[in-house]
Structure formats: structure tokens, C-alpha cells
Amino acid sequence: MPDPVAPAVPPTPPIALSALLSREDLALRQIAGPSGPSLVIHAAHTSEMADPYPYLLGGELLLTAGVHIPQGAETGTYFDDYVSRIVAAGGAALGFGLAPVHDTVPPALIAACEAQHLPLLEVPPRTTFSGVARAVWQLMAQARLAELRRVTDAQQSLAAAASRPDPVPSVLRQLAQRLGGHAILYGPDGTGVAEAGRTVSGEVREALAKLTAVVRPSGPRGPEPDRAPEGDGGAGRSGSGTDGPGAGGTGSVRTGAGGPTADAAGGPADGGQAGTARRAGERSAAPPPGGTAAAAGPVRPAAEARRPGAAAAAVPAPAPSRPVPSSAADTLGDTHLAAYALGAGEGFVLGVAAGQRGPGDHTIASVAAVLLSLLTGEHQSGSGAARSAALVRLLLGSSPEQVAPLLGDGDWLVVHARPETQSPDAVAASALGAALGSPLVDAGRDVVRVLVPVEREPTPQPGWTLGVSAAAGPGEWPAADTQAARALARARATRVPLVRHGGRAGLADLVPRADARAHARALLAPLGGQPALAETLRTWLSLHGSWDRTAVALDVHRNTVRQRIARCAALLDADLDDADVRMELWFALRQD
């Protein structure tokens, strides 16, 4: 008897055999073979052929009334051969109908199914095979609906997570929660950037890191396509499937004990079925009932006669021109591993480790991969080459005015942003830049600075406090940077999400700038050499003399603010409670 193969099941949602047995209207009874929630079927098929192998795709509940059973079958090997052919074809279970041919299930058939671990169901006379098939499709429709609801709920949750102040960790947490596993975002250099979910062992981490190298542009290649992977809810037929995000039709790979194995198309499988596609002529050498091996039908060529799990031992060399796959899958013990190359093309990879794989898991992971591609991708206001050229020219001594045309025409806005919770990281800063419409981002220790084209008006961002400068040309960018910093300080002090630097014309514009600056230097001369005093006075005046708000804006204690303002009043010999004095000092401070 040949070793049974894992069925290349149809792309239908699997249903538990126990769910079919629980239907009281069918009154089915299992009388042999294994049982449990892990046993699933993908279809119901009726056949009275003595050799049903050529007519099965795999994963079916085969229904028969025993018309094909010859006289004297109880004493020979007929039932052993018959069951072995069902198992070899990947049949999931056998249903035997009572009446009109047989009043009871033949004991030899029960023994054969028990010996070969094939579930055997007794179908009562009042239950028709068409009724069983209809019940199977009803359960499949319910399973598909439940799967679609699960995927839809997950998609909404992932999208909501992507809009949070910490979008990348939030998406990973939501993905890990939905899949009941662990999710890791790997950077272009292969190191983990962020992760979330259940704790996994070091062995799983190592295996997942190796798997991500398969889909990274610079990673190792898998062999040539050997089979099609399973889609959501089950395995797909050869040549079918769905590529992972950003694949562009490059396909995916599945790895085994000996290394990666490429799939013709599609992503990591859902439904928990390993699956091996059987092509035309790829039939087992097991003899049909009452026959010999020579009569078993076409035998696969030696080059293709690999059993599942042995593919890695005879992996052919990959074709150099074959594109890198978009996704890959592997298993380590009971842990299912999957890797998805993010579509931005920057080398980021999403890795997922879960204890089980259910219907819709691949779709949910693909949605997360698309969102992470957007969050980690390069959102360009000009070409990347132009920005690189601008950086090189600045480093070699060119002025901002000379390199600004490479970034785009027109004025720019400087935005200072500070997250409401944790310190900003590179990924969160990149996501903020994408939301503001600019890739020109500088992630500092506490503040993120973004250079935004003036036509892209910044708007409040959830979880961030923003300060926006007035529109400025390249020569005025340093002054705009100062404006944005002060606007951010005011926004934090007043607890508003966004403050813009005032750009309206005022009385100060009636005084020539040179005269105004000369007057400001003379008035503020006593504070010279003490920038902390001048900045505290400016902030305090801008906040209408509020000690608490000034302390918040400057990140100092309110007593420090009081001491500095008292020192300013003493050095300037001025009454800071006088509105005229405050106005004149404000006029002078704005010229700095």
C-alpha cells in the first residue's frame, strides 16, 4: 500500500467532519476511523466505481451504496484495496449508505477503514446522498460567511490601528491578536524593528528570520515552482492562487526541512492543509481493487516521483532570472511561520509565527502587509535621486538656495511635531511624514521636523502636537525652523493639536527692519549672553503671563519661570505688569 499523500483540496472553505455529524436531520453515525475537530472535508462526492481514485481531487467525503462490491468480497482483499485507493487520492472520509443494496455496513469495510485511519460514516436509509451534499454546501456557505466577517472585522481593526499615533506597533499588535501569534517587522538589514504578540522561543525567532531572507530582495532564492499553495480556506489547484501584497505576480515559496520550496503563485496557505498538487499522470503506483501495480494507471516520471517532505532533498538550482517571491511559509514543529515582503521595495519584511493557521489568516496578514507597506514606504515629493543629489551638494558646500530646486519649486513650511506619549522613533516619524505629504523628515530625540511643500497644508494628526511655520523660501528656512519650534511650544502650553506661526501684517511692518532690529538690540542688551532669559520672557509674554503654561512650553518648573522673569525685570529695570512695557518688549523680541 502506498504512503497516503496530503490532498490537493479544492479552494473551498473546510468544514469539520464533526459539524456534519452533529446535523440531526442527517442522523449520520461514525463507526470507524479517527475523529476530532481537526478532521475536515472540502466536498461531498458520490461514486459507485470500484476504483474512485481518478475521480477524486482530495478532501472529499466519498458517498457510496456499495453497488460496486462483488460477491465474496468479504473473504478477499477487495475492501483493503478499495480503502487504500481512497486514502491515496486524499479522500477525507467515506460514507456508506444502507439500503437498497446492503442492510448493514460490511464488517470487512469497517476493519479496513479502521486499519487505514479513514473515517467511516453510516448513512441511514432515510438520508439521501443529495441531502448530505446539500448539508455540506450549507456548512461551507456558513463557514465562508464567518470567514468573510472575520476578515472584514480584522481589516477594520488593522485600519484603525494604522491611524493611531504609533501606527506600526499598533498594526503589529492587532495582527498578532487576530492570528493568535507573534508578528515582527524586519528592517532592510534583517533586524527586528518592532514586534508584538505572544512570546516565542529563540528557535522560532531564528527560523522566522531565515524565512524573511527568502522574500527580501537580497536574500536567498527558492527553487523553481513545484506546486500551487493553498488559498484562504484551503489548498488551491496547480497554477492558481493569490500573490502576496506588492508581488506583482512573483508568487511565493514554501519552505521545508531542507530549505525553501517555491510556489507557482499565491501566498502562505490557510486552512491548515499541507497540500501537494497532483498533475495529469501523477498517479500512485498502488494497485486498484482486484488488480496489480501494472494496471494502476500512468506512473509519474522518476524526476517527479517525490513524496511530500522529500522535495527539499532534491531541490533544483534556481533560475537566476526568476523574481524574488513576495511571500513564503514554513513550519517549525507545531508553529506555522510566514513572511511577507512589503510592497515599498525598501527591504522591509513582515514575519508571522502562529500556533495554528485558520481560514482567512493569509488574507488578514496580507492586509497588514499592505498597511505596513504604506507606513514604511517612501512617499516622495520628488524623486529619490533628486533628494540624494541635494544632500550630496549640501555636504559639498552648496547653499540651500542652490539645492532647493531639486526638491521642488515654491515655498515650504517647517513643521515641528512631538508625540503625546513616547519619544518618536524612525518608523513613527516616517508615518507622520507620509501623513503630512512629505518624505523630508528629521526624527530627533524629542521632536520630529518635517519640511512640507506649501501647497500641502498641514492638518492636526492624532497623537501628535504640531507647530507650523510661515511659508518660507530656502534662504529663510532657519528662521522658519525657529518659528515652528515656538509654535510647537505654544501648542503644547495651550494644549491644542496645532498652532501656526502668525503671518498677518501688523504695526511692526511699518518700521524698517534695520531700525527695528537696532532698537531691539538696544532694548534687550541687558539680557545679552543669557538666551534662556530672553526665550523665557518671549514665551511668558506669548502666553499672557501664565506661569504654568510657560513652564509646560519650556519643560521647566514653574518656580524656574518665576525666577527668570524676576531676573529679566531686574536687568531691564522695567515693570512687567505694565501693558505698554510688555508690548514694547514683545515688539523687540519678535525682531530676534
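Definitions and limits used
Residues numbered from 1 in each chain as written. Predicted model: local features only at pLDDT ≥ 70, side-chain atom pairs only at ≥ 80, totals over all residues. Heavy atoms only, no water. Helix = DSSP H or I, 4+ residues; strand = E, 2+ residues; numbered from the N terminus. Expected span 1.5 Å × (residues − 1). Buried < 20%, exposed > 50% of the residue type's maximum accessible area, 1.4 Å probe, protein only. Contact = heavy atoms within 4.5 Å. Core = buried A, V, L, I, M, F, W, Y, C linked by side-chain atoms within 4.5 Å. pLDDT = per-residue confidence, 0-100. Phe/Tyr/Trp six-rings, centres within 6.5 Å; stacked < 30°, edge-to-face > 60°. Lys NZ or Arg CZ within 6 Å of the ring centre and 35° of its normal. Salt bridge = Lys/Arg side-chain N within 4 Å of Asp/Glu carboxyl O. Axes fitted to C-alpha atoms, helices over the stretch in contact; angles between N-to-C directions. Parallel < 35°, antiparallel > 145°, perpendicular 65-115°, else oblique. Patch = residues over 30% accessible without salt bridge, like charges linked within 9 Å, V, L, I, M, F, W, Y side chains within 5 Å. Areas by Shrake-Rupley, 256 points an atom, 1.4 Å probe, with all protein chains shown as cover. 1 Å grid on protein atoms, 1.4 Å probe; cavity = no way out; pocket = protein on both sides within 12 Å on 5 of 7 lines; lining within 4 Å. Points joined across faces, edges and corners; volume = space filled by probe spheres on them. Nonpolar A, V, L, I, M, F, W, Y, C, P; charged D, E, K, R; others polar. Pairing = 2+ DSSP bridges.

Another point: helix α5 (residues 167-179). Helix length check: α5, at 13 residues, gives a terminal C-alpha distance of 18 Å against a target of 18 Å (1.5 Å per residue), a fit within 8%. Looking only at α5, the buried set comprises Pro167, Val168, Ser170, Val171, Leu172, Gln174, Leu175, Ala176 and Leu179. Of the surrounding elements, those touching the buried residues of α5 are α4 (129-162), β8 (181-186), β9 (192-197), β16 (349-354), α7 (361-376) and α10 (426-436). The positive-phi residue at the C-terminal boundary of α5 is Gly180, with phi of around 65 degrees.

Look at helix α13 (residues 531-542): 16 Å from first C-alpha to last across 12 residues, which is about the 16 Å you get at 1.5 Å a residue. On its buried face, α13 sits against α11 (477-494), α14 (547-554), α15 (558-572) and α16 (579-589). Positive phi shows up at His544, right after α13, with a value of about 60 degrees.

Moving on to the nonpolar core. Counting 31 residues, the largest nonpolar core has Leu158, Val168, Val171, Leu172, Leu175, Leu350 and Leu372 as its most contacted members. Mapped onto this core, the elements with two or more residues apiece are α4, α5, β8, β9, β15 (335-341), β16, α7 and α10. Of all the elements, α7 adds the most residues to this core, at eight residues. Those residues in contact with Leu350 that sit more than four places away from it in its chain are Leu172, Leu175, Ile184, Ala338, Ala339, Tyr340, Leu342, Ala365, Ala368, Ala369 and Leu372. With 24 residues, the next largest nonpolar core counts Ala32, Leu56, Phe96 and Cys113 among its residues.

Bringing the confidence of the model for the chain into the picture now. Averaged over all residues, the pLDDT of the chain equals 78, while 77% of them reach at least 70. Here residues 219-252 scores under 50 on pLDDT; set against residues more than four positions off or in separate chains, the count is 138 contacts. Overall, residues 254-321 carries pLDDT values under 50, and its contacts beyond four positions in sequence, including any with other chains, amount to 172 contacts.

Further remarks concern the packing of aromatic side chains. Tallied over the full model, the rule gives four aromatic pairs. Seen from their ring centres, Tyr78 and Tyr82 are 6.3 Å apart, and the 5 degrees between their planes marks the pair as stacked. With Tyr78 and Tyr82 both in helix α2 (residues 78-88) and four residues apart, this pair spans about one turn of that helix. Assessed through its relative accessible area of 1%, Tyr82 is described here as buried. Centroid distance Trp540 to Trp547: 5.4 Å. Interplanar angle 35 degrees. Geometry classified as tilted. A connected cluster of aromatic rings, assembled from ring pairs, spans Tyr78, Phe79 and Tyr82. When the ring centre of Tyr53 is taken as reference, the NZ or CZ atom of Arg85 above it lies at 4.3 Å.

Across all of its chains, the model carries 14 salt bridges by this definition. Measuring nitrogen to oxygen at the nearest pair gives 2.5 Å for the salt bridge that ties Arg205 to Glu195. Within this pair, whereas Arg205 is found in helix α6 (residues 202-215), its partner Glu195 is found in strand β9, the two being separated by 10 residues in sequence. One salt bridge in this structure joins Glu457 and Arg500, with 2.5 Å as the shortest N-O distance. You can see Glu457 sitting in the loop between β19 (448-453) and β20 (464-468) and its partner Arg500 sitting in strand β21 (residues 498-500), a full 43 residues away along the chain. Take Glu457: its relative accessible area is 46%, and that puts it in the partly exposed class. By relative accessible area, Arg500 is classed as partly exposed at 39%.

Among all residues save glycine, negative phi is the norm, and among peptide bonds the norm is trans. For the bond running from Ala99 to Pro100, omega is 5 degrees, close enough to zero to count as cis. Note that Pro100 resides in the loop between β6 (93-97) and α3 (107-115). Notably, His117 is not glycine yet its phi reads approximately 60 degrees, a positive angle. Tracing the sequence through the fold places His117 in the loop between α3 and β7 (120-123). The exposure class of His117 is exposed, given its relative accessible area of 60%. One non-glycine residue, His544, adopts positive backbone phi at about 60 degrees. Relative to the helices and strands, His544 resides in the loop between α13 and α14. In this structure His544 comes out as exposed when scored by relative accessible area, which is 64%.

Here we take up the packing of α5 against α7. Taken N-terminus to C-terminus, the directions of α5 and α7 make an angle of 175 degrees; their axes are 10 Å apart at the nearest point. Here α5 is positioned roughly antiparallel relative to α7, judged by the angle of their axes. Residues Pro167, Val168, Val171, Leu172, Leu175, Arg178 and Leu179 of α5 pack against Asp361, Ile364, Ala365, Ala368, Leu372 and Leu375 of α7.

Residues Leu391, Val392, Leu395 and Leu396 make up a contiguous nonpolar surface patch of roughly 450 Å² in combined accessible area. Residue placement: Leu391 occurs in helix α8 (residues 384-395).

Following the sequence through the fold, Leu541 ends up in helix α13. As a C-alpha pair, Leu541 and Leu585 span 44 residues in sequence and 8.7 Å in three-dimensional space. In this structure Leu541 touches Arg582, Leu585, Trp586 and Leu589, once residues within four positions along its chain are discounted.

We now examine empty space enclosed by the protein. Scanning the model with the defined rule gives two cavities of 30 Å³ or more in all. A breakdown of the residues in the lining of the largest cavity according to their chemical character gives three nonpolar, two polar and two charged. The volume enclosed by the second largest cavity comes to roughly 30 Å³. Sorting the residues of the lining of the second largest cavity by element identifies α5 and α10 as the ones contributing at least two each. For the lining of the second largest cavity, the element with the highest residue contribution is α5, accounting for three residues. Its residues assigned to classes, the lining of the second largest cavity comprises five nonpolar, no polar and two charged.

The strands making up a sheet are joined through hydrogen bonds of the backbone, oriented either antiparallel or parallel. Pairing is mixed across the open sheet formed by five strands, whose spatial order is β2-β7-β6-β5-β4. In this open sheet, the two edge strands, each paired with only one partner strand, are β2 (29-32) and β4 (43-46). Averaged over all neighbouring strand pairs, the angle between strand axes comes to 30 degrees, with direction disregarded. In the sheet, β6 pairs with β7 via four bridges, with the strands oriented parallel. Directly across from Gly97, in β7, lies its bridge partner Val123. Its contacts with the sheet place α4 against β4, β5 (60-64), β6 and β7, and it is angled at close to 165 degrees to β4.

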